[in-house]
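The lines below spell out each chain.
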Amino acid sequence: MLSRTADHLYWMSRYIERAENTARLLDIAYQTSLQPQSADESEQTWRSLVSISELNTLYGGKYSTINGRNVMEFMVADESNLSSIFNCLRAARENARAVRGSLTTEVWETMNQTWLEFRRLLREGALQRDPSQFFEWVKYRSHLSRGVTVGTMLQDEAFHFIRIGSFLERSDNTARLLDVKFYRQEQTQTGHEDAGHDAARDFYYWSAVLRSVSGFEIYRKVYSNVIQPDKVAELLILRPDMPRSLSHCITRMLANLKRVANPQSGETLRRVGRLEAKLAFGSIDEILAEGLHPFLDGFLAEVSDLGERIGKDFLV
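Chains are numbered independently. Their residues run from 1 in the order of the written sequence. The predicted nature of this model means local features are confined to residues of pLDDT at least 70 and side-chain atom pairs, given and counted, to a pLDDT of 80 or more, with totals for whole chains, interfaces and linings taken over all residues. Computation of side-chain values: all heavy atoms of the structure, hydrogens and water removed.

**Section: the overall build of the protein**
- Counting its secondary structure elements, the protein contains 16 helices and zero strands.
- Exposure classes here rest on a 1.4 Å probe applied to the protein chains alone. A residue is buried below 20% of its type maximum, exposed above 50%, and partly exposed in between. Within the protein, the fraction of its 316 residues that count as buried is 54%.
- In the protein, once contacts between residues fewer than 6 apart in sequence are set aside, the share between residues at least 24 apart is 67%.
- Surface exposure of the protein reaches about 14300 Å², of which carbon and sulfur atoms provide 49%.
- Charged side chains in the protein number 39 positive and 42 negative. The centres of these two groups are separated by 5 Å. Put simply, DSSP marks the helices as runs of H or I at least four residues long and the strands as runs of E at least two long, and each gets a number from the N terminus on. Contact definition: two residues touch when any of their heavy atoms are within 4.5 Å. The Shrake-Rupley method, run with a 1.4 Å probe sphere, supplies the accessible areas, and residue values consider only the shown protein chains as cover. As used throughout, the charge tally considers Lys and Arg to be positive and Asp and Glu to be negative, leaving His and the chain termini uncounted. In plain terms, the charge of a residue is placed at NZ if it is Lys, CZ if Arg, CG if Asp and CD if Glu.

Structure, rendered in structure tokens:
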């Protein structure tokens with residue numbers, strides 16, 4: 001396969017996955033903002049999302065205050081923000097168009113229709129009318145794209161590069177989603193909060209996190225217990241049978257990388273294998289002892305390095 005074709009397929013899948021995960025992050029922040037809280041707490045919720053997404057400078061150049069309306073507009077429809085859902089869906093569609101011959105008709109039509117429908121919804125004010133429903137639509141279109149890809153494409157090199165992009169992007173965003181909570185917690189801890197109020201707020205927050213990754217029912221099935229932060233972290237980091245966990249994503253990424261391996265990709269495969277082993281044989285107690293925020297920071301750095309190495313080994 002031409003490296004240029006592989007590049008378009010890889011980034012097509014990354015962008016559609018990124019759009020979905022941005023919608024998931026925004027939905028958590030929006031649901032959290034509906035809970036009783038002070039103005040400072042509400043602002044910190046949105047500030048943590050912008051910070052974890054590494055968009056502080058760009059956001060600050062456009063808006064003087066941080067609030068839900070500004071952040072949602074910035075991360076959904078702002079054309080100057082390359083990570084906005086608008087730009088992600090547009091880039092996914094353009095990458096798909098560039099390799100139209102490598103995709104099935106169903107995959108192309110899904111990508112194209114998603115972009116056209118998204119622009120229509122923005123014009124009609126769907127985001128302002130019901131943010132949660134709008135974010136659900138973005139997630140649904142990503143699910144549809146992924147299902148059509150798996151269900152209609154020949155599982156050749158093109159398919160494997162699509163899957164590599166999806167799992168790399170998903171692992172990055174699952175880590176960021178978890179880190180949003182801990183960044184916010186570190187920034188807002190004062191030692192003066194009422195313990196009962198904190199417990200209730202955490203319960204609703206972690207419920208929102210689980211629902212945002214379609215993991216609420218899974219959590220109940222696996223743990224049969226009240227929602228506990230360490231169990232949520234374990235589910236989303238170490239459970240290999242949880243589709244959005246870090247462990248599952250890295251395992252699937254390694255399997256697909258092996259199918260397209262070339263003479264110069266040995267070091268990349270070794271690093272992915274080492275990361276897979278770290279997650280497969282790690283324990284949540286060890287991770288929490290190290291500190292979840294430092295662990296997630298280290299994981300994000302490794303994923304970023306893997307993305308660069310995949311680019312050098314296979315892509316344009």
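**Some remarks on the side chain of threonine 149**
- You can see threonine 149 is positioned in helix H8 (residues 131–152).
- Threonine 149 sits in the buried class, given a relative accessible area of 4%.
- We call two N or O atoms a polar contact when they sit within 3.5 Å, provided that within protein one can donate a hydrogen and the other can accept it, with sequence-adjacent residues counted only if both atoms are side-chain atoms. At 2.8 Å, the side chain of threonine 149 and the backbone oxygen of serine 145 are in polar contact.
- In this structure threonine 149 touches Val107, Phe159 and Ile162, once residues within four positions along its chain are discounted.

**Some details on helix H13 (residues 246–259)**
- An ideal rise of 1.5 Å per residue puts 20 Å on 14 residues; H13 measures up with 20 Å between its terminal C-alpha atoms.
- For H13, the set of buried residues is Leu246, Ser247, Cys249, Ile250, Met253, Leu254, Asn256 and Leu257. Any helix carries an expected span of 1.5 Å times its number of residues minus one.

**Concerning the pattern of salt bridges**
- Only one rule defines a salt bridge in this text: a Lys or Arg side-chain nitrogen within 4 Å of an Asp or Glu carboxyl oxygen. Tallying each qualifying case throughout the model produces 25 salt bridges.
- A salt bridge links arginine 146 to glutamate 17; the nearest nitrogen and oxygen atoms lie 3.1 Å apart. Taken together, the residues span a long stretch of sequence, with arginine 146 in helix H8 and glutamate 17 in helix H1 (residues 3–33) at a distance of 129 residues. The exposure classification of arginine 146 matches that of glutamate 17, with both residues buried.
- Note that glutamate 20 and arginine 244 form a salt bridge whose closest N and O atoms lie 3.2 Å from each other. With glutamate 20 in helix H1 and arginine 244 in the loop between helix H12 (229–237) and H13, this residue pair connects regions lying 224 residues apart in the sequence.

**Describing the nonpolar core**
- Residues Leu26 and Ile237 are the most contacted members of the largest nonpolar core, which totals 99 residues.
- In this structure, isoleucine 237 is in contact with Leu178, Ser245, Leu246, Ser247, Leu279, Ile287, Leu292, Phe295 and Leu296, ignoring residues within four places of it in sequence. Within this scheme, the nonpolar core is defined by two criteria: the residues are buried Ala, Val, Leu, Ile, Met, Phe, Trp, Tyr or Cys, and they are joined through side-chain atoms within 4.5 Å.

**Some words on the packing of aromatic side chains**
- Here a pair means two rings of Phe, Tyr or Trp (six-membered ring of Trp) with centres within 6.5 Å. Their orientation is stacked below 30 degrees between planes, edge-to-face above 60, and tilted elsewhere. Using the criterion set out here, one finds 13 aromatic pairs in the structure.
- Judged by centre distance (4.9 Å) and plane angle (25 degrees), the rings of tyrosine 59 and tyrosine 63 are stacked.
- With relative accessibility at 3%, the residue tyrosine 59 sits in the buried group.
- Site record: aromatic cluster; members linked through ring pairs are Phe86, Trp115, Phe118, Phe134, Phe135 and Trp137.
- Over a ring means this: the NZ of a Lys or the CZ of an Arg is within 6 Å of the ring centre and within 35 degrees of the ring normal. Here the guanidinium or amino end of arginine 211 rests over the ring plane of phenylalanine 216, the centre of that ring lying 3.9 Å away.

**Some words on H1**
- For H1, spanning 31 residues, the distance from its first C-alpha to its last is 44 Å, which sits close to the expected 45 Å at 1.5 Å a residue.
- Here H1 lies mainly inside the structure; 26 of its 31 residues are buried.

**So, the packing of H13 against helix H14 (residues 266–280)**
- One can describe the packing of H13 onto H14 by two numbers: an axis separation of 9 Å at closest approach and a directional angle of 150 degrees. Classed by the angle they form, the pair H13 and H14 counts as roughly antiparallel. Handedness of the crossing formed by H13 with H14: left-handed. Here Leu246, Ser247, Ile250, Thr251, Met253, Leu254, Leu257 and Lys258 of H13 lie close against H14, whose contacting residues are Leu269, Val272, Gly273, Leu275, Glu276 and Leu279.
- Amino acids are sorted into nonpolar (Ala, Val, Leu, Ile, Met, Phe, Trp, Tyr, Cys and Pro), charged (Asp, Glu, Lys and Arg) and polar (every other residue, Gly among them). Considering only residue class, the contact of H13 with H14 consists of nine nonpolar, three polar and two charged. Here an axis means a line fitted to C-alpha atoms, over the contact stretch when the element is a helix, while the angle between two N-to-C directions is reported on a 0 to 180 degree scale. Here roughly perpendicular refers to angles of 65 to 115 degrees, roughly parallel to angles under 35, roughly antiparallel to angles over 145, and oblique to all remaining angles. In a left-handed crossing the near helix is turned counterclockwise from the far helix by less than a right angle, and in a right-handed crossing that turn is clockwise.

**Brief notes about the packing of H1 against helix H2 (residues 39–52)**
- Put simply, H1 and H2 touch, their axes get as near as 9 Å, and they point 170 degrees apart. If you check the angle between H1 and H2, you find them roughly antiparallel. Every residue of H2 that contacts H1 at Leu25, Leu26, Ala29, Tyr30, Thr32 and Ser33 is listed here: Thr45, Trp46 and Leu49.

**A closer look at the side chain of asparagine 70**
- Turning to its location among the elements, asparagine 70 is positioned in helix H4 (residues 68–76).
- Side-chain polar atoms of asparagine 70 contact the backbone oxygen of threonine 65, separated by 3.3 Å.

**Comments concerning unusual backbone geometry**
- Within the chain, glutamate 54 stands out as a residue other than glycine whose phi angle is a positive 60 degrees.
- On the secondary structure map, glutamate 54 appears in the loop between H2 and helix H3 (56–60).
- A relative accessible area of 62% means that glutamate 54 is categorised as exposed.

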